[in-house]
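Architecture and fold: a report
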Amino acid sequence: EGVSSEELLRQVFQQTDVEGLRIALQRSPSILRIPMATSPLFQAIQGVRTSKITEMVQLILDQGISPDGQASDPRSPLSEAAARGLPEIIEMLARRGASIEHKDVLGWTALVHAVRGNQPSSVAKLIELGALRRYDYQMNDRITTMNTCVFVREVLPTTRSERERLSEVREALRCARRGFLIF
């Protein structure tokens, strides 16, 4: 009682309360459409406990929420899933029509976020779904063709596990040692 719809949703996502979201949707089917700083889909992918993300994302998508999130999201839901290493969410969003080549405010695609996050499973899933390894990047009114392998050089692994994952990322992208594509 006395809690705003926005606050209720924030609590639902923070507590990974899938059942709470179901109840809120029964009481107010349009609750996911209230104006918020970031989309419910982005919030779920970013903040929900990993074991519950699939169920929460499915529930949100079933309400007709755009798989691309909203303009105020710092990254698309797909890019957030890629950065967090969630290939099953990447596939779910892509099946629902999410733009694989969507660029965020930095001009980065989901594939770049997967590389920067050192997430080989995300990189492999995005490549499988047709993500481009090269793309146009605009900065200061100048367009440059970027090679995703360039971002591999920016990942600084500190543990053996991170180095192994980076090697898998490099292999999935078919990057040479210096960061250039091999075709």
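What this report covers is the structure whose coordinates are included nearby. (Residues numbered from 1 in each chain as written. Predicted model: local features only at pLDDT ≥ 70, side-chain atom pairs only at ≥ 80, totals over all residues. Heavy atoms only, no water.)

1. A few points about the overall build of the chain
Spelled out, the test is: Under the DSSP-based scheme used, a helix requires at least four consecutive residues in state H or I and a strand at least two consecutive residues in state E, with every element numbered from the N terminus. As a reference, a globule follows 2.2 Å times the number of residues to the power 0.38, and the radius of gyration itself is taken over C-alpha atoms. Working rule for contacts: check all heavy atoms of both residues, and any pair within 4.5 Å makes them a contact. Reported accessibility uses the Shrake-Rupley method at a 1.4 Å probe radius. Residues are deemed covered only where the shown protein chains occlude them.
The secondary structure content of the chain amounts to ten helices and two strands. For 183 residues, the compact-globule formula gives about 16 Å, and the C-alpha radius of gyration of the chain, at 18 Å, lands near that figure. Reported as C-alpha extents along the three principal axes, the dimensions of the chain are approximately 60 × 40 × 25 Å. The contacts in the chain between residues at least 6 apart in sequence include a share of 67% that link residues at least 24 apart. Looking at the chain as shown, the accessible area adds up to about 9900 Å², and 48% of this sits on carbon and sulfur atoms.

2. Quick word on the packing of helix 2 (residues 18-27) against helix 4 (residues 50-61)
To be explicit about the condition: Lines are fitted to the C-alpha atoms to define the axes, a helix being fitted only along its stretch in contact, and any angle between axes, read from their N-to-C directions, falls within 0 to 180 degrees. Oblique is the label for any angle not under 35 degrees, not over 145, and not in the 65 to 115 range, which are roughly parallel, roughly antiparallel and roughly perpendicular in turn. Left-handed describes a crossing in which the near helix is turned anticlockwise from the far one by less than a right angle; the clockwise case is right-handed. Under the convention adopted here, Pro, Cys and the residues Ala, Val, Leu, Ile, Met, Phe, Trp and Tyr are nonpolar, Asp, Glu, Lys and Arg are charged, and Gly plus all remaining residues are polar.
Packing of helix 2 against helix 4 leaves a shortest axis separation of 10 Å and a crossing angle of 10 degrees. In terms of orientation, helix 2 lies roughly parallel with respect to helix 4. In the packing of helix 2 onto helix 4, the handedness of the crossing is left-handed. Note on element contacts: helix 4 touches helix 2 through Lys52, Glu55, Met56, Leu59 and Ile60, opposite Val18, Leu21, Arg22 and Leu25. Of the residues in the contact of helix 2 with helix 4, the class split is six nonpolar, no polar and three charged.

3. Quick notes on helix 6 (residues 87-95)
Helical periodicity: at 3.6 residues per turn, an α-helix aligns residues three or four positions apart in one direction. We apply this condition: Throughout, exposure labels follow a simple rule: accessible area from a 1.4 Å probe, protein chains only, divided by the maximum for the residue type, with under 20% read as buried, over 50% as exposed, and the rest as partly exposed.
Taken together, the buried positions of helix 6 are occupied by Pro87, Ile89, Ile90, Met92 and Leu93. Looking at the buried residues of helix 6, the elements they touch are helix 3 (40-47), helix 4, helix 5 (77-84) and helix 8 (120-128). The positive-phi residue at the C-terminal boundary of helix 6 is glycine 97, with phi of around 100 degrees.

4. Side note on the pairing of strand 2 (residues 142-147)
Condition: Note on pairing: DSSP must find at least two bridges between two strands before they are called paired.
Sheet topology note: the strand 1 (residues 134-139)/strand 2 ladder contains six bridges and is antiparallel. If you follow tyrosine 135 over to strand 2, its bridge partner there is methionine 146. Counting the residues in the hairpin turn of strand 1 and strand 2 gives two residues, including asparagine 140, whose phi is positive at 55 degrees.

5. Quick look at the state of the cysteines
Note on terminology: a disulfide is the covalent bond linking the sulfur atoms of two cysteines. Just so we agree on the cut-off: Pairs of cysteine sulfur atoms within 2.5 Å are what we label disulfides.
Counted by the stated rule, this structure contains one disulfide. Put simply, cysteine 149 and cysteine 175 are joined by a disulfide, and their sulfur atoms are 1.9 Å apart. Taking the sign of the S-S torsion, -90 degrees for the link of cysteine 149 and cysteine 175, the bridge is left-handed. Within this pair, whereas cysteine 149 is found in helix 9 (residues 149-152), its partner cysteine 175 is found in the segment after helix 10 (160-173), the two being separated by 26 residues in sequence. Relative accessible area serves as the criterion here: at 1%, cysteine 149 is assigned to the buried category. For cysteine 175, a relative accessible area of 10% translates into the label buried.

6. Quick look at the packing of aromatic side chains
Put simply, the rule reads: Ring geometry is summarised as follows: Phe, Tyr and Trp rings, the Trp one being its six-membered ring, pair when their centres sit within 6.5 Å, and such pairs are stacked at plane angles under 30 degrees, edge-to-face over 60 and tilted between the two.
The final tally for this structure, using the stated rule, is one aromatic pair. Pairing tryptophan 108 with phenylalanine 151 gives two aromatic rings, centres 5.6 Å apart and planes at 75 degrees, and the pair type is edge-to-face. On the criterion of sequence distance, the pair formed by tryptophan 108 in the loop between helix 6 and helix 7 (110-116) and phenylalanine 151 in helix 9 is long-range, its members being 43 residues apart. Given the relative accessible area of 14%, tryptophan 108 is considered buried.

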